[in-house]
Amino acid sequence: MEHTAPRLWDAYISILSHQAMILSINSSFVDPLLQFETQLEIIQSSFKMVFVIPSIEEMKEVGNSTEDDDEELKEMIVWMSEDSSYLQEKVLVTISKVLSFASKKVKKYPSVDAPCLGLLAAELSLLCSHKDPSITQQASLGMRHLLSIAHYQNVDTIKNAIESYSFLPLPSDTEFLPNTLQDKTNIAQRVGQALLPSLLTDFVWSLLMKVSAPSLTTANEAATILILTLEYHVYKVVMVSKIVDTIHMQLSENSPHQMKSSMLRVITLLTRTSPRKVIFQLMHYPVPADNTVILMLQAAGSEPHVAPQVLKTILLILKGKPGETPGNLMDRRRCSINTSNMMPVAASHALCTLLPVSSYKKVVAEFFPELLMALMFQLFYSSNMRLVTEGRHFYARDALRILLNCSGLHAVETALKAKHCWDMFSQELFDHHGVHLVARTLSDYNFPQFPETLHYLYKLSVEGPRRSEDRVITVIFLTEFLNSFFKDPFPEEFLVLFRNWVNDSSPVVSKLSLQKIASMAPVINQIENVCSLLLSILNAFLSKDKTVVSQALLTLRRLLGKLDKVTYSSLCTKIASSYCPLMDHSNGGIRSMAIRHFGELIKDMNQYRWMLNPVVLKGLVPLILFLEDTETRVVSACKYTLAICVSELKWSPTFLLIGQSHNFEQVVLNFCNNLLIYHGNYITDLIADTLGFLGRSQVYLRRASVILIGYLATLGGHLLLKDELQVMFEAIEPLYRDKDPVIRELAETTYELFKRVAHKLTSSSIKQSFQKMFNFIYIKKLNVLYHYTCATSYSSIKKRPIVYVDYDNIW
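Computed from a predicted structure; not experimentally measured. (Residues numbered from 1 in each chain as written. Predicted model: local features only at pLDDT ≥ 70, side-chain atom pairs only at ≥ 80, totals over all residues. Heavy atoms only, no water.)

A. Inspection of the overall build of the protein at higher detail. Each helix and strand in the protein was counted, giving 40 helices and zero strands. Among the 811 residues that make up the protein, the fraction classed as buried is 49%. Counting contacts in the protein only where the partners sit at least 6 residues apart, residues at least 24 apart contribute 73% of the total. When the accessible surface of the protein is summed, it comes to about 39,400 Å², and 55% of that surface belongs to carbon and sulfur atoms. (Helix = DSSP H or I, 4+ residues; strand = E, 2+ residues; numbered from the N terminus. Buried < 20%, exposed > 50% of the residue type's maximum accessible area, 1.4 Å probe, protein only. Contact = heavy atoms within 4.5 Å. Areas by Shrake-Rupley, 256 points an atom, 1.4 Å probe, with all protein chains shown as cover.)

Given below as structure tokens:
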């Protein structure tokens, strides 16, 4: 070892020392992450040390020289340590040898894993164009071996790609001459053809990082190879969203103009095969979009043949509501919507950029209905959420205006502007008037896209549950379009929609549908399934929203006024029964309407009295009790309907209901006497109905029901059973402790009346039958029992102790 220099010994000893350190770290209890980082630093240091060591041949030559040569050796060592080209050549020689060895092994073991091929291919592709021929030669040789490895890893995929895309034939070992791989197009084709998608993505990613390198030469070379590779093999690239995000960060850092152009070209090429991924990533950035995002959108929009896919992706995003997170996990994964979810706003902004592009103008007609309705929905969302703020454009409104202009509807846009429609959408207190204006104006101008839009509206209507706001806008548009292009009644397929909307969960949708159905009254008899339509309106009586119930009452009354008598008679009993619960509604307006409409139905169906008598008698209890209502409109409706009922039942006319005032007890007395004469067998049913009013919160109802049940019990006591009377005692007992002194006194009187009835009851069935027969033969009219007037003063009533009922002593 006479030729061995001390520097070689130092390097050798240092490497052994590094090896020992790595082994000792492996057997220590140090945190695994810290172990990995420390070992990585040691390995990198060892590699640098190895590559600056001169070869044995060079050291031999140095050993045969003079002392001057020793000084020259020292200078060469310093130069070798500093000159990168020398290091590159030495590294490439080593890499080429390793790759050569691996390429021979992979022929025998094609399943070998080589995850670094993509990154290594990127480095070698840049060095294949190096100005130093020796580096170029080594890089080309290394690239040859690398592609050979990739070929054996991916032989089946390459064959399929060649058959599908007519790429270059499979490479042979003799094809890889240095001048062949100095051509960037050849490199891009062969690398893209050979590498698996994941490895090609690494290749693309590494070159993308080089595009922003400080060296302009390196950046240009990387950009050229990157774009060429994507031109031929962009379909194989994965992790598109990550690449787009990286380009956004690089563009935001004020990259040179030439590099900016290259990165935007990458966006265009990625959009060619992955438009959905590119657009979704661009919609993630903050709103309003900055100049960088707009440039990237323009780049994505410059690829004409993917315009339909881009618009489909934007429409998918526009299905979301700003600020709303999808409840379904799969929706969250698909849309990648975060908790704030401003992507729909960003999508509206994107349309402002893309729709004016010539390639998009050609496909707008195909997507006009979807874009129109999606932007109308976004207008409604944005207005309700007050997303219109100072310094921020109202993107959904602006996109809608651009859509109309791009679709040849300039006149519609101008007309809406003249009606100040666009200003309405910007107001904080947004209502549906603006939606009506847009729909009506489109209809007035007979826009050419009407058939497709009507078909899409129908599709939206039958697809199933959507947001209530969406259904409201859909109903408005569909109603306006049908009004303009069809005469009432609508075709059956549209009538079914309106019938279903009557009982929609959204009160606004229900009212809009009921209003439209009401307008069909003149042609109600031309509707095929009119009974089904009327029954759906009756179901709306059960709505918890009082405005829906009111509209349902008005709509039904308007339809019944034009309905033919045959159909009317088949439904009159069910309709009358549906009015009865509404006579007791908490809302005075609904009570008064239901009571009055009940009377009008009886008047309409006077020829079918025998069908309605049971329902009329059932409705008499609320009609009597609500004569004491505090609202004048309800009292007036009760008088009106009672007069009709008395006439239809052929009872003696009751003059007590004429005029502005009446004596309630006299009305009850007159009612009970007529009931006893004509319909005595209904008394027990009416007692049961009256019991339900004893516990009401309204004082006037409790007073009236106590009086009515006292008269009914006195009148029909012979029809009651012992158990039924005990239930009546239990129902009256809480009223002894009522806060209202008048009710307490009335309850005591009623209790005494119940006791009289109880004493007359007999346990003998023969005697009981005899009593019933006697009472039917000998009818004795009642006299006044309570002497009650509504003006009774509380202070004039003598206070009495509370009475507790002992049921066992009654009988």
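Once you've had a look at it, read on.
B. Here's a closer look at the packing of helix H31 (residues 588–604) against helix H32 (residues 609–625). Remark: H31 packs on H32, axes separated minimally by 12 Å, with the N-to-C direction vectors making an angle of 155°. Classified by the angle their axes make, H31 and H32 are roughly antiparallel. Crossing handedness for the pair H31 and H32: left-handed. For the pair H31 and H32, contact is made by Ile595, Phe598, Leu601 and Ile602 and by Leu612, Val615, Val616 and Leu623, respectively. (Axes fitted to C-alpha atoms, helices over the stretch in contact; angles between N-to-C directions. Parallel < 35°, antiparallel > 145°, perpendicular 65-115°, else oblique. Left-handed = near helix turned anticlockwise from the far one by under 90°.)

C. Structural view of the pattern of salt bridges. Tallied over the full model, the rule gives 20 salt bridges. With its nearest N and O atoms 3.4 Å apart, the salt bridge here joins Arg397 to Asp398. On the basis of relative accessibility, which here comes to 16%, the residue Arg397 falls in the buried class. Lys618 is paired through a salt bridge with Asp689; the nearest N and O atoms lie 3.8 Å apart. Here Lys618, found in helix H32, pairs with Asp689, found in helix H35 (residues 683–691); they are 71 residues apart in sequence, far enough to count as distant. The partly exposed category is assigned to Lys618, whose relative accessible area is 47%. Connected via shared salt-bridge partners are Glu231, Arg265, Arg272 and Glu303. (Salt bridge = Lys/Arg side-chain N within 4 Å of Asp/Glu carboxyl O.)

D. Representation of the environment of Gly142. Tracing the sequence through the fold places Gly142 in helix H7 (residues 133–153). Taking the C-alpha atoms as reference, Gly142 lies 9.8 Å from Ser125; in sequence the two are 17 residues apart.

E. Spotlight on helix H25 (residues 468–485). Over its 18 residues, H25 extends 26 Å from the first C-alpha to the last, a length consistent with the 26 Å expected when each residue adds 1.5 Å. Most of H25 is tucked away, with 14 of its 18 residues classed as buried. (Expected span 1.5 Å × (residues − 1).)

F. Structural detail: the packing of aromatic side chains. Counted by the stated rule, this structure contains 16 aromatic pairs. Judged by centre distance (5.5 Å) and plane angle (45°), the ring pair of Phe447 and Phe481 falls under tilted. Here Phe447 is found in the loop between helix H23 (433–444) and helix H24 (450–462), whereas its partner Phe481 is found in helix H25, with 34 residues between them in sequence. A relative accessible area of 1% places Phe447 in the buried class. Exposure remark for Phe481: the relative accessible area of 0% places this residue in the buried category. (Phe/Tyr/Trp six-rings, centres within 6.5 Å; stacked < 30°, edge-to-face > 60°.)

G. Spatial organisation of the environment of Thr547. Looking at the element boundaries, Thr547 is found in helix H29 (residues 546–560). Thr547 gets classed as partly exposed once you look at its relative accessible area, which sits at 35%. The spatial distance from the C-alpha of Thr547 to the C-alpha of Ile590 is 9.1 Å, given a sequence separation of 43 residues. Among the polar contacts made by the side chain of Thr547, one reaches the side chain of Lys511 at a distance of 3.4 Å. (Polar contact = N/O pair within 3.5 Å; in protein donor to acceptor, adjacent residues only side chain to side chain.)

H. Representation of unusual backbone geometry within the structure. Cis geometry is adopted by the peptide bond preceding Pro288, which originates at Val287 and carries an omega value of 0°. Note on placement: Pro288 falls in the loop between helix H14 (275–282) and helix H15 (291–301).

I. Just the state of the cysteines, in detail. Taken as a whole, this structure holds zero disulfides when the rule is applied. Not engaged in a disulfide, the cysteine Cys645 finds its nearest cysteine sulfur in Cys580; these two sulfurs lie 9.5 Å apart. (Disulfide = S-S within 2.5 Å.)

J. Structural detail: the packing of H25 against helix H27 (residues 507–518). In the contact formed by H25 and H27, the axes pass within 9 Å of each other and the chain directions differ by 15°. Here H25 is positioned roughly parallel relative to H27, judged by the angle of their axes. For the pair H25 and H27, the sense of crossing is left-handed. On H27, the residues touching Ser468, Arg471, Val472, Val475, Ile476, Thr479 and Asn483 of H25 are Val508, Val509, Leu512 and Lys516.

K. Inspection of the side chain of Ser359 at higher detail. In this structure, Ser359 sits in helix H19 (residues 358–385). Setting aside its immediate chain neighbours within four residues, Ser359 contacts Gly301, Pro304 and Ala307.

L. Spotlight on the nonpolar core. In terms of nonpolar packing, the biggest core is built from 238 residues, with Phe203, Met283, Met376, Leu442, Phe477, Phe598 and Phe671 touching the most fellow members. Looking at this core element by element, the count peaks at 15 residues for H19. Non-local contacts of Phe598, meaning those with residues more than four positions away in its chain, are made with Ala576, Tyr579, Cys580, Met583, Val615, Val616, Leu623, Thr641 and Cys645. (Core = buried A, V, L, I, M, F, W, Y, C linked by side-chain atoms within 4.5 Å.)

M. Spotlight on the confidence of the model for the protein. For the protein, per-residue confidence averages 78 on the pLDDT scale, and residues scoring 70 or more make up 72% of the total. Per-element mean pLDDT across the protein ranges from 42 in helix H40 (residues 807–810) up to 96 in H29. Note that residues 387–391 has pLDDT below 50 and, in this model, seven contacts with residues that lie over four places away or in other chains. (pLDDT = per-residue confidence, 0-100.)

N. Up close: the environment of Lys562. Tracing the backbone through its elements, the reader meets Lys562 in the loop between H29 and helix H30 (565–582). When the C-alpha atoms of Lys562 and Pro522 are compared, they prove to be 6.5 Å apart, with 40 residues separating the residues in sequence. Here Lys562 is in contact with Ala521, Ile524 and Asn525, once residues within four sequence places are set aside.

O. Spatial organisation of helix H36 (residues 699–716). Its 18 residues give H36 an end-to-end C-alpha distance of 26 Å, which sits within 8% of 26 Å, the value for a rise of 1.5 Å per residue. In terms of residue burial, H36 counts as a mostly covered element, since 16 of its 18 residues are buried.

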